[in-house]
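Reading the structure
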Amino acid sequence: MASEISPKAEIDPRAKIGNNCKIYPFAYIEGDVEIGDGCTIYPFVSILSGTRMGKNNTVFQGAVLGALPQDFDFRGEASELVIGDRNTFRENVVINRATHSDGKTVIGNANFFMEGAHISHDTKVGSRCVFGYGTKIAGDCVIEDAAIFSTSVIANARTRVGSCSMVQSGCSFSKDIPPFIIANGSPIKYAGINSTMMTAYGIDAKIQKHIANAYRLVFHGQTSVFDAVMQIKEQVPDSKEIQMITAFIEATELGIISKI
């Protein structure tokens, strides 16, 4: 089915628009843009050069996709924002493209970005994540699948958030948040495992108990974090989820949040 494009939308003729899209009046789309089939672009959306968007995405009023990176190292290079399928970008969401031509900002599939969320340059977002009102993710971050951010969360540069973790309202953090946990408070701290999300994603109750035991060693043990990882490998029954925890912690460069 042909796309329905308002004559009042401003679209560079070089932009590539898929089939069955609906583009409302006053949308602005630059030339070096690709939009897949079935996307809906509401009024006053700006989709800027370097944006590559998959299928069935919905972009609400005032959102800016592919905005220039807010990075003092940016020198005007052509770079990309790569977006998957079935994402929802609510009003006034801003996503920056990468700083350099060999980099990409990446958004996976089926994510939900609430009003005013901002994802900065070169950040990698997995799939099925939720970003609450006014949440700000700085540059070069990594957000794994099914992470949830509540209202007004601030993730500082180069931090990582593991799969199925939840960061509660108003938190700011500069260290990594491992998979399957809840983080809250100021300063931010470990607040238990995220059983609700793990259950929703089909993680067995027995595995959840193993995950809880692993984090007791990390956050309540009397050893260093990396000694705790060795204890997990020795004492906790192995599973894909336990391997995700140990691999995440072993890969940290900034350290992980604390129990305090």
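A short tour of the structure in this document, coming up.

What counts, and where the lines are drawn
- Residues numbered from 1 in each chain as written.
- Predicted model: local features only at pLDDT ≥ 70, side-chain atom pairs only at ≥ 80, totals over all residues.
- Heavy atoms only, no water.
- Helix = DSSP H or I, 4+ residues; strand = E, 2+ residues; numbered from the N terminus.
- Rg over C-alpha atoms; globule rule 2.2 N^0.38 Å.
- Contact = heavy atoms within 4.5 Å.
- Areas by Shrake-Rupley, 256 points an atom, 1.4 Å probe, with all protein chains shown as cover.
- Pairing = 2+ DSSP bridges.

Looking at the overall build of the protein chain
Helices and strands together make up the secondary structure of the protein chain, namely 4 helices and 28 strands. For 260 residues, the compact-globule estimate of 2.2 N^0.38 gives 18 Å, and the C-alpha radius of gyration of the protein chain, at 20 Å, lies within 12% of that figure. The C-alpha extent of the protein chain, read off along each of the three principal axes, is 65 × 40 × 30 Å. Across the protein chain, the fraction of contacts at a sequence separation of at least 24, relative to all contacts at a separation of at least 6, is 31%. As displayed, the protein chain has an accessible area near 11800 Å², and 52% of this comes from carbon and sulfur atoms.

Focus on the sheet that holds strand β24 (residues 160–161)
The strand order across the open sheet formed by 8 strands is β3-β6-β9-β12-β15-β18-β21-β24, and the pairing between neighbours is parallel. Each edge of the open sheet carries a strand with a single partner, namely β3 (16–17) and β24. Sheet topology note: the strand β18 (residues 124–125)/strand β21 (residues 142–143) ladder contains 2 bridges and is parallel. Paired with V125 across the two strands is I143, which belongs to β21.

Focus on the sheet that holds strand β14 (residues 94–96)
The parallel open sheet is built from 9 strands, whose spatial order is β2-β5-β8-β11-β14-β17-β20-β23-β26. With one partner strand each, in any of the chains shown, β2 (10–11) and β26 (172–173) form the two edges of the open sheet. As paired elements, β2 and strand β5 (residues 28–29) share 2 bridges and run parallel to each other. Each bridged residue has a counterpart across the sheet, and for I11 the counterpart in β5 is I29.

Focus on unusual backbone geometry
Residues other than glycine predominantly adopt negative phi, and peptide bonds predominantly adopt the trans conformation. Backbone torsion omega between S186 and P187 reads 5°, so that peptide bond is classified as cis. The phi torsion at R86 lies on the positive side, around 60°, for a residue other than glycine. Inspection of the secondary structure assignment puts R86 in the loop between β12 (80–83) and β13 (88–89).

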